[in-house]
Amino acid sequence: MAAAHRSFSPWSERDGLHAQTTDHVELGVERDVAAYVVGVRTFYQSVNDQAGAIFAAPTREHPAASLGHYYVATLGDFDARGWGVSVSRPLFGLVRGSVDYSVTTAQWLSGPGGAGSAWFGVAARAESARVHDVTTSVETAIPQTSTHVYVLYKAEFGIRPPGAGRTGTGFTPRASTSRSTRGCRS
């Protein structure tokens, strides 16, 4: 069986590829309250040279990408900060459920430069956006087979401040944080 290969190339040869850097700091506390585990947290994230895949119709300059090949451009820099609360508890037997709500406010420090500007039609900007996230999960562990089953449902929506109209192609930059999740394993 052949291994799947993925390849990447810059959207603009002139701008090349830049390594994205992310600094993330999070402080959280969990406490047992009766049969519940209640948690609160706050976080800060700073991203420089955020990378993004470009999906576009083929042109002479950018022929159609083959299966498993992606064009990549730098989308800009942002800082994000936010907070969250979570509640979890055993539901029945070995099944545990949880609900997590978080609010993230992202401040874009610069828009796409070079190739990103050409594609998204925007200049450097200082916009902010607020993202609300509700994540629910149900998980269980079956000790006899060392199997963990994890089902997750995530609803997320963003709010732009009044007067922050869309520019260019209507691309709406958004930042969000995510927590690690486990899938099925045995």
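Quick summary incoming for the structure in this document. Keep in mind that what you see is a predicted model, and the values were worked out from it rather than measured.

### Let's talk about the overall build of the protein chain
For step 1, the next point in the chain: Looking only at helices and strands, one finds one helix and seven strands in the protein chain.
For step 2, the next point in the chain: In the protein chain, the succession of helices and strands from N to C terminus is β-β-β-β-β-α-β-β.
For step 3, the next point in the chain: Scored against the burial criterion, the 186 residues of the protein chain give a buried share of 32%.
For step 4, the next point in the chain: The long-range fraction of contacts in the protein chain, counting pairs at least 24 apart against all pairs at least 6 apart in sequence, stands at 65%.
For step 5, the next point in the chain: Carbon together with sulfur atoms contributes 58% to the accessible area of the protein chain, which is approximately 11,900 Å² in total.

### Overview of the pattern of salt bridges
For step 1, the next point in the chain: As enumerated under the stated definition, the model contains three salt bridges in all.
For step 2, the next point in the chain: The partner of Arg 41 in a salt bridge is Glu 26, and the shortest N-O contact between them spans 3.4 Å. Here the residue Arg 41 occupies a position in strand 3 (residues 36-54), and Glu 26 occupies one in strand 2 (residues 21-33), the gap between them amounting to 15 residues.
For step 3, the next point in the chain: Residue classification places Arg 41 among the buried residues on the basis of a relative accessible area of 11%.
For step 4, the next point in the chain: The exposure class assigned to Glu 26 is partly exposed, which follows from its relative accessible area of 42%.
For step 5, the next point in the chain: One salt bridge connects Asp 100 with Arg 41, and the closest N-O pair in it is separated by 3.0 Å.

### Details of the environment of Phe 55
For step 1, the next point in the chain: In this fold, Phe 55 is placed in the loop between strand 3 and strand 4 (69-92).
For step 2, the next point in the chain: Overall, Phe 55 belongs to the exposed group, its relative accessible area being 62%.
For step 3, the next point in the chain: When the C-alpha atoms of Phe 55 and Tyr 71 are compared, they prove to be 7.4 Å apart, with 16 residues separating the residues in sequence.

### Things to note about the packing of aromatic side chains
For step 1, the next point in the chain: Counted under the stated rule, the structure contains two aromatic pairs.
For step 2, the next point in the chain: An angle of 50° between the planes, with centres 5.1 Å apart, marks the rings of Phe 78 and Trp 108 as tilted. Residue Phe 78 is located in strand 4, and its partner Trp 108 is located in strand 5 (residues 95-110); the two are separated by 30 residues in the primary sequence.
For step 3, the next point in the chain: Ring geometry for Trp 83 against Tyr 101: centres 5.7 Å apart, planes inclined by 65°, an arrangement best described as edge-to-face. Of this pair, Trp 83 sits in strand 4 while Tyr 101 sits in strand 5, and the two are 18 residues apart along the sequence.
For step 4, the next point in the chain: For Tyr 101, a relative accessible area of 27% translates into the label partly exposed.
For step 5, the next point in the chain: One cation-aromatic arrangement involves Arg 89 over Tyr 36; the distance from NZ or CZ to the ring centre is 5.1 Å.

### Brief notes about the side chain of Asp 79
For step 1, the next point in the chain: Tracing the backbone shows Asp 79 in strand 4.
For step 2, the next point in the chain: It turns out Asp 79 is buried and unbridged, and the closest side chain with the opposite charge, Arg 81, is 5.5 Å from it.
For step 3, the next point in the chain: In this structure the side chain of Asp 79 is engaged in a polar contact, spanning 3.3 Å, whose partner is the side chain of Tyr 44.
For step 4, the next point in the chain: At 3.0 Å, the side chain of Asp 79 and the side chain of Ser 46 are in polar contact.
For step 5, the next point in the chain: When near neighbours in sequence (up to four residues on either side) are disregarded, Asp 79 contacts Tyr 44, Gln 45, Ser 46, Thr 105, Ala 106, Gln 107 and Leu 109.

Cut-offs and rules
- Residues numbered from 1 in each chain as written.
- Predicted model: local features only at pLDDT ≥ 70, side-chain atom pairs only at ≥ 80, totals over all residues.
- Heavy atoms only, no water.
- Helix = DSSP H or I, 4+ residues; strand = E, 2+ residues; numbered from the N terminus.
- Buried < 20%, exposed > 50% of the residue type's maximum accessible area, 1.4 Å probe, protein only.
- Contact = heavy atoms within 4.5 Å.
- Areas by Shrake-Rupley, 256 points an atom, 1.4 Å probe, with all protein chains shown as cover.
- Salt bridge = Lys/Arg side-chain N within 4 Å of Asp/Glu carboxyl O.
- Phe/Tyr/Trp six-rings, centres within 6.5 Å; stacked < 30°, edge-to-face > 60°.
- Lys NZ or Arg CZ within 6 Å of the ring centre and 35° of its normal.
- Lys, Arg positive; Asp, Glu negative; His and termini not counted.
- Polar contact = N/O pair within 3.5 Å; in protein donor to acceptor, adjacent residues only side chain to side chain.

Worth remembering: the numbers are spatial, not functional.
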